[in-house]
Structure formats: structure tokens, C-alpha cells
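Descriptive analysis of the structure
The residues making up each chain are set out below.
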Amino acid sequence: MIMNLCCIKALLLNKGLIISIIPSILSLVTIVFNYRQTKIQNNQFERNYKLQKEQFETTLQLQKKRYEAEINENKENLRIQRKPYFVVSNSVCGCNGNSDHHISIKLKNERNGNAFKIYLPESIDVSNGVAIHRQEVLTNTVIPIGKELASEWGYNNTLSGFKFSIIVKFEDAAQLKYKQNFIFKLSDALHVQIMNWSDPVLVD
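Residues numbered from 1 in each chain as written. Predicted model: local features only at pLDDT ≥ 70, side-chain atom pairs only at ≥ 80, totals over all residues. Heavy atoms only, no water.

**Observations regarding the overall build of the chain**
Defined as follows: The numbering of helices and of strands both runs from the N terminus, where a helix is a DSSP run of H or I of at least 4 residues and a strand a run of E of at least 2. Accessible area is worked out with a 1.4 Å probe on protein chains only. A residue is then buried under 20% of its type maximum, exposed over 50%, and partly exposed in between. Pairs of residues are marked as contacts when any of their non-hydrogen atoms sit within 4.5 Å.
Regarding its fold elements, the chain presents one helix and 11 strands. Beginning at the N terminus, the succession of helices and strands in the chain can be written as α-β-β-β-β-β-β-β-β-β-β-β. Scored against the burial criterion, the 204 residues of the chain give a buried share of 25%. Nonlocal contacts in the chain, meaning residues at least 24 apart in sequence, comprise 58% of its contacts between residues at least 6 apart.

**Description of the side chain of Ser104**
Selection rule: Under this definition, polar contacts are N or O atom pairs within 3.5 Å; protein pairs additionally need one hydrogen-donor-capable and one acceptor-capable atom, and for neighbouring residues in sequence, both atoms have to be side-chain atoms.
Tracing the sequence through the fold places Ser104 in strand S2 (residues 100-109). There is a polar contact of 3.2 Å between the side chain of Ser104 and the side chain of Glu152. Those residues in contact with Ser104 that lie beyond four places of it in its chain are Asn90, Ser91, Val92, Ser151 and Glu152.

**Concerning the packing of aromatic side chains**
The line we're drawing: Any pair of Phe, Tyr and Trp rings, taking the six-membered ring for Trp, is counted once the centres come within 6.5 Å. Such a pair is stacked with planes under 30 degrees apart, edge-to-face with planes over 60 apart, and tilted for the rest.
Per the stated rule, a full pass over the model turns up seven aromatic pairs. Geometrically, the ring pair formed by Phe86 and Phe170 is stacked, given 4.6 Å between the ring centres and 25 degrees between the ring planes. Here the residue Phe86 occupies a position in strand S1 (residues 86-94), and Phe170 occupies one in strand S8 (residues 162-171), the gap between them amounting to 84 residues. Owing to a relative accessible area of 0%, Phe86 belongs among the buried residues under this scheme. Given a relative accessible area of 1%, Phe170 falls into the buried group. Aromatic ring contacts, followed pair by pair, group Phe86, Phe116, Phe170 and Tyr178 into a single cluster.

**Quick notes on the pairing of strand S5 (residues 131-134)**
Which entries qualify depends on this criterion: Pairing between strands is defined by DSSP: at least two bridges between them are needed.
Of the two faces of S5, only one is covered, namely that formed by Ile132 and Arg134; the face formed by Ala131 and His133 stays uncovered. Two strands pair when backbone bridges link them, and strand S4 (residues 123-125) and S5 are joined in this way by three bridges, in the antiparallel orientation. The residue bridging Ser123 from the neighbouring strand is His133, located in S5. Inspection of the sheet shows S5 paired to strand S7 (residues 148-156) by two bridges, in the antiparallel sense.

**A short note on the pairing of strand S3 (residues 116-119)**
Only one face of S3 is covered, namely the one carrying Phe116 and Ile118; the face carrying Lys117 and Tyr119 has none of its residues buried. In the sheet, S3 pairs with strand S6 (residues 142-143) via two bridges, with the strands oriented antiparallel. Counterpart to Lys117 in the pairing with S6 is Val142. Pairing analysis gives three bridges linking S3 to S8, with the strands arranged antiparallel. Across the sheet, the residue bridging to Lys117 is Glu171, located in S8.

**Looking at the confidence of the model for the chain**
Our working rule: As a per-residue quantity, pLDDT reports the predictor's confidence and falls between 0 and 100.
Of the residues in the chain, 81% have a pLDDT of 70 or more, and the chain-wide mean is 79. Ranking the elements of the chain by mean pLDDT puts helix H1 (residues 2-82) last with 73 and strand S9 (residues 177-186) first with 89.

**Brief notes about the nonpolar core**
For the record, the criterion: Within this scheme, the nonpolar core is defined by two criteria: the residues are buried Ala, Val, Leu, Ile, Met, Phe, Trp, Tyr or Cys, and they are joined through side-chain atoms within 4.5 Å.
Membership of the largest hydrophobic core comes to 31 residues, with the highest contact counts inside it found for Ile105, Leu120, Ile132, Phe164 and Ile166. Not counting chain neighbours up to four residues away, the residues in contact with Phe164 comprise Ile103, Ile105, Ile124, Val126, Ile132, Phe182, Ile183, Phe184, Leu186 and Val192.

**A look at the sheet that holds S4**
Applied cut-off: Axis definition: a line fit to C-alpha positions, over the contact stretch in the case of helices; interaxial angles, taken between N-to-C directions, run 0 to 180 degrees.
Ordered by their spatial adjacency, five strands build an open sheet running S1-S2-S7-S5-S4, and the pairing between neighbours is antiparallel. Sheet topology places S1 and S4 at the edges, where each strand pairs with a single neighbour. Between one strand and the next, the sheet's axes are offset by a mean angle of 25 degrees, whatever the strand orientation. Here S2 pairs with S7 via nine bridges, running antiparallel. Each residue of the ladder has a partner; that of His102, found in S7, is Gly154.

Dropping the structure here:
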């Protein structure tokens, strides 16, 4: 009988102990649950942040491309509106059959009512090894519409019957720069002929 009372007393004490630690267990479970929920939320936040960052960078790149395309389109439209167009109004070779040849070339501003500053190369190398040199220093290179620029060239060689090209560069008041290629031929009879020329192209 005494043993039964002791056992009952022990069970009651254990039951009280269990009941007393239940809040602690529930609190621990709550902490673990909240930790896992917080971790899940943080992971979700990081995924959302990464996705939003990628979307923002993609949008930014698209906007940059559109902006650059608009700039290029505006620049091209301005170039078309202001594009120079020069033609060869005269080309003569002062050649007497000796090795002292002098070539006179005149370029005329034919388009758009804009004045352009012209840059000419100092020398030209042609395919047969002949070097053609510009013979004068250009002082007035701003050519208004309808006006001409005369340039003098020369080479010391008895060769003839070859082609050569002059790349002319232009700059307008807005500092837009262009280039235009003119192709000539010096015939065997020592006549200078314009063979072809390109449309002006915009250069950086």
C-alpha cells in the first residue's frame, strides 16, 4: 500500500513536471517555426529582389538602346538635311610629255545652301608607285553654296594612263564631318578625266 502511494506520488510529480515544461516546448516550437518562416520569407525576398534587379537592368538596356537609336536617327536626319554635295567642275593637266606634270582640279559646292570647310590630303599614292602631291597651301577652304575650290597637284614622273582618287573631307558649322571620294584617270594622252564619285558619308 505504501509502495502504491509512493508510485502515485511520483507520477503526480512527473505529471506536474511535464505540465510545467509544456510552455517551454511550445515556445521552442514557435521559435523554430518563426525562424523557418523568416528564412522562407528572406529567400523569397532575395529571389524577388534578384528578379526585379534583372528586370530593371533589362529595361535600362532597352531604354539605352532606344535612346542610342533615336540619337543615331536624329543624327542621320540632320546629316541628310545638311549633307554636302560637291562635284568636279573642271580638271586639267598641264602636261607637256616631260616628267613635270601639273594637275588642276576644281570642286564646286552644289547643294543645300550650307558652307563647308574642306580638307584635302597633302599627297596621294597611286597603284603604279607614283606619288601625287598637293602643290599649294590652301588658305580659304570655307566654300559657300555655288562656289568653287581650286587645287593644284603635281608629280615628277613620265608615267601616265593610271587612276587616282582624292578623298575630300568636309566640316559644317555644326561640326558634322563628312568625306567624299573622287576617282580620276590620267589618260595616256595626258588628259585628266573624272571617272566616278561617291555620295558624302558621315564620319566620326
